[in-house]
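Chains, contacts and geometry: an overview
Here is how the chains run, residue by residue.
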Amino acid sequence: MPEKQLARALHAWKQRWYRLRAAEEGSAMIEFVFLAVGLMVPIVYLILSVAQLQASSLAAIGAADHAAKVFVGAESESEARSRAASAVSTALNNMGIPAGAANTTITCSDACLEPGSTVTVSVHINVPLPLLPEGVGSGLMTTSSTSTHRVDRFG
């Protein structure tokens, strides 16, 4: 008698097991899709944000360095400022950053372009958050770079 009860109980457990398995069929795929989307979207956005921040950082470094170099090599101060603005614009365009996103400051230790004086160029860039309309989240990420070059004493 106990063997029959055991057999019935085992049969009942098998029936329940098969019903549970049938009810769960296909749900693993749905769970995986929702989990993958829920985790991958923020990770991809983070990667895009870091890439944009890195690009603007490289642009700021290049813009400040090249602007200072071309400034000290010019003949007059107006030509120097024009060359520096052009160097900053080119460095920003090379990295895909709009020229309006950067603020450039040029300061001289003594009179600009005097032999032995130094020229310091600072570039500050407001980095926009990726995939958002312009103006949303502006100012959350900024990069800046400063470069100083000495005007040659003997030209």
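It should be emphasised that the depicted structure is a prediction, and the values quoted were computed from it without experimental measurement.

This model, assessed by the stated rule, comprises 0 aromatic pairs. Positioned above the aromatic ring of tryptophan 13, the side-chain terminus of arginine 16 is 5.2 Å from the ring centre.

One non-glycine residue, leucine 113, lies in positive phi territory at about 65 degrees. You can see leucine 113 is positioned in the loop between strand E1 (102–108) and strand E2 (118–127). Taking the relative accessible area as the measure of exposure, leucine 113 reaches 17% and is therefore buried.

All right, on to the state of the cysteines then. According to the stated counting rule, one finds 1 disulfide in the structure shown. Paired by a disulfide, cysteine 108 and cysteine 112 hold their sulfur atoms 1.8 Å apart. The chirality of the disulfide connecting cysteine 108 with cysteine 112 is right-handed, given an S-S dihedral of about 90 degrees.

Let us now look at the pattern of salt bridges. As enumerated under the stated definition, the model contains 3 salt bridges in all. One salt bridge in this structure joins glutamate 79 and arginine 83, with 2.7 Å as the shortest N-O distance. One end of the pair, glutamate 79, and the other, arginine 83, are both in helix H3 (residues 77–94), 4 residues apart, so they sit about a helical turn from each other. A relative accessible area of 27% means that glutamate 79 is categorised as partly exposed. Residue arginine 83 is classed as partly exposed on the basis of its relative accessible area, which comes to 36%.

The next subject is the side chain of serine 49. Tracing the backbone shows serine 49 in helix H2 (residues 27–72). Judged by its relative accessible area of 9%, serine 49 is buried. Residues contacting serine 49, with those up to four places away along its chain left out, are Pro130 and Met141.

What counts and what doesn't
Residues numbered from 1 in each chain as written. Predicted model: local features only at pLDDT ≥ 70, side-chain atom pairs only at ≥ 80, totals over all residues. Heavy atoms only, no water. Phe/Tyr/Trp six-rings, centres within 6.5 Å; stacked < 30°, edge-to-face > 60°. Lys NZ or Arg CZ within 6 Å of the ring centre and 35° of its normal. Helix = DSSP H or I, 4+ residues; strand = E, 2+ residues; numbered from the N terminus. Buried < 20%, exposed > 50% of the residue type's maximum accessible area, 1.4 Å probe, protein only. Disulfide = S-S within 2.5 Å. Salt bridge = Lys/Arg side-chain N within 4 Å of Asp/Glu carboxyl O. Contact = heavy atoms within 4.5 Å.

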